[in-house]
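This is what each chain is made of:
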Amino acid sequence: YQRRVHGEGEEKDIYLIPAERLEIPGSRGEACLVMHSKETKRHASVSLISTAPYTAEKSGEFSRIGTFECRGCELLEFSVSSGWNCRSAAEGSDKSFEDIDLSEKDWAEYDERANESLTIYSVETSIARSREK
């Protein structure tokens with residue numbers, strides 16, 4: 001992700017580990033990412049609230065795959081990389097692939113059980129402000 005910490009003009013790339021839980025200083029809360037701003041002397045945090053699968057039915061459409069709570073910072077850009085999982089949508093197949101690297105925006109594999117190619121290509125991302133509370 002690329003982020004901007006409120007009060008700072010600088011934008012930096014960050015990496016989140018969704019399963020990680022870090023204490024937020026001066027709070028009873030936890031987050032998967034906690035940063036300290038030298039300029040504002042405040043902490044910023046990002047928490048993963050929910051995830052949702054991207055399915056074959058949604059192919060070609062933007063669809064929410066994650067919801068984050070950001071305090072003291074703003075996510076500007078989402079960059080896909082490694083760690084993705086894929087399950088074949090072919091009828092009668094339960095073939096799964098793990099730790100897929102999408103940093104090149106394309107991936108292809110073959111499902112022998114279904115005798116079909118599986119592809120993920122031209123990955124695009126977007127960040128939108130959620131209206132949910």
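In what follows, the structure referred to is the one given above.
Residues numbered from 1 in each chain as written. Predicted model: local features only at pLDDT ≥ 70, side-chain atom pairs only at ≥ 80, totals over all residues. Heavy atoms only, no water.

Visitor: Quick question: what am I supposed to make of the overall build of the chain here?
Guide: Helix and strand counts for the chain stand at 0 helices and 12 strands. Ordered by position from N to C terminus, the α and β elements of the chain give β-β-β-β-β-β-β-β-β-β-β-β. Out of the 133 residues belonging to the chain, those deemed buried represent 24%. Pairs at least 24 residues apart make up 31% of the contacts formed inside the chain by residues separated by at least 6 positions. For the chain, the accessible surface area stands at approximately 10,000 Å², while carbon and sulfur atoms represent 44% of it. (Helix = DSSP H or I, 4+ residues; strand = E, 2+ residues; numbered from the N terminus. Buried < 20%, exposed > 50% of the residue type's maximum accessible area, 1.4 Å probe, protein only. Contact = heavy atoms within 4.5 Å. Areas by Shrake-Rupley, 256 points an atom, 1.4 Å probe, with all protein chains shown as cover.)

Visitor: I would appreciate a short explanation of a negative patch on the surface in the present structure.
Guide: A surface patch of like charges, here negative, comprises Glu98, Asp99, Asp101, Glu104 and Asp106. The class of Asp106 is partly exposed, set by a relative accessible area of 44%. (Patch = residues over 30% accessible without salt bridge, like charges linked within 9 Å, V, L, I, M, F, W, Y side chains within 5 Å. Salt bridge = Lys/Arg side-chain N within 4 Å of Asp/Glu carboxyl O. Lys, Arg positive; Asp, Glu negative; His and termini not counted. Charge placed at Lys NZ, Arg CZ, Asp CG, Glu CD.)

Visitor: Teacher, can you tell me more about the packing of aromatic side chains here?
Guide: Two numbers describe a pair of aromatic rings. These are the distance of the centres and the angle of the planes. The final tally for this structure, using the stated rule, is 2 aromatic pairs. Measuring from centroid to centroid gives 6.2 Å for Phe78 and Trp84, while their planes differ by 85 degrees, and the two rings are edge-to-face. Judged by its relative accessible area of 29%, Trp84 falls in the partly exposed class. The interplanar angle of 70 degrees and the centroid separation of 5.4 Å between the aromatic rings of Phe97 and Trp107 together place this pair among those described as edge-to-face. Taken together, the residues Phe97 in strand 10 (residues 96-100) and Trp107 in strand 11 (residues 107-111) connect sequence positions 10 residues apart. Note on accessibility: Phe97 and Trp107 belong to one class, buried. (Phe/Tyr/Trp six-rings, centres within 6.5 Å; stacked < 30°, edge-to-face > 60°.)

Visitor: What am I meant to see in the side chain of Ser45 here?
Guide: In this fold, Ser45 is placed in strand 6 (residues 43-51). Assessed through its relative accessible area of 5%, Ser45 is described here as buried.

Visitor: For this particular structure, what's the right way to read the pattern of salt bridges?
Guide: A side chain of one charge can pair with a side chain of the opposite charge when the charged atoms of the two come close. For the structure shown, the criterion picks out 2 salt bridges. One salt bridge in this structure joins Asp94 and Arg113, with 2.4 Å as the shortest N-O distance. Remark: Arg113 occurs in the loop between strand 11 and strand 12 (116-120) and Asp94 occurs in the loop between strand 9 (84-87) and strand 10; sequence separation between them is 19 residues. Comparing Asp94 with Arg113 shows no difference in burial state: the two are exposed.

Visitor: Is there a simple way to explain the state of the cysteines in this structure?
Guide: Two cysteines whose sulfur atoms are joined by a covalent bond form what is called a disulfide. Taken as a whole and judged by the stated rule, the model has 0 disulfides. A disulfide-free cysteine, Cys32 has its sulfur positioned 9.0 Å from the sulfur of Cys70, the nearest such atom. The class for Cys32 is buried, based on a relative accessible area of 2%. The thiol sulfur of Cys73 is not disulfide-bonded, and the nearest other cysteine sulfur, from Cys70, lies at 4.8 Å. We classify Cys73 as buried; its relative accessible area is 4%. (Disulfide = S-S within 2.5 Å.)

Purely spatial values, then, with no claim about function.
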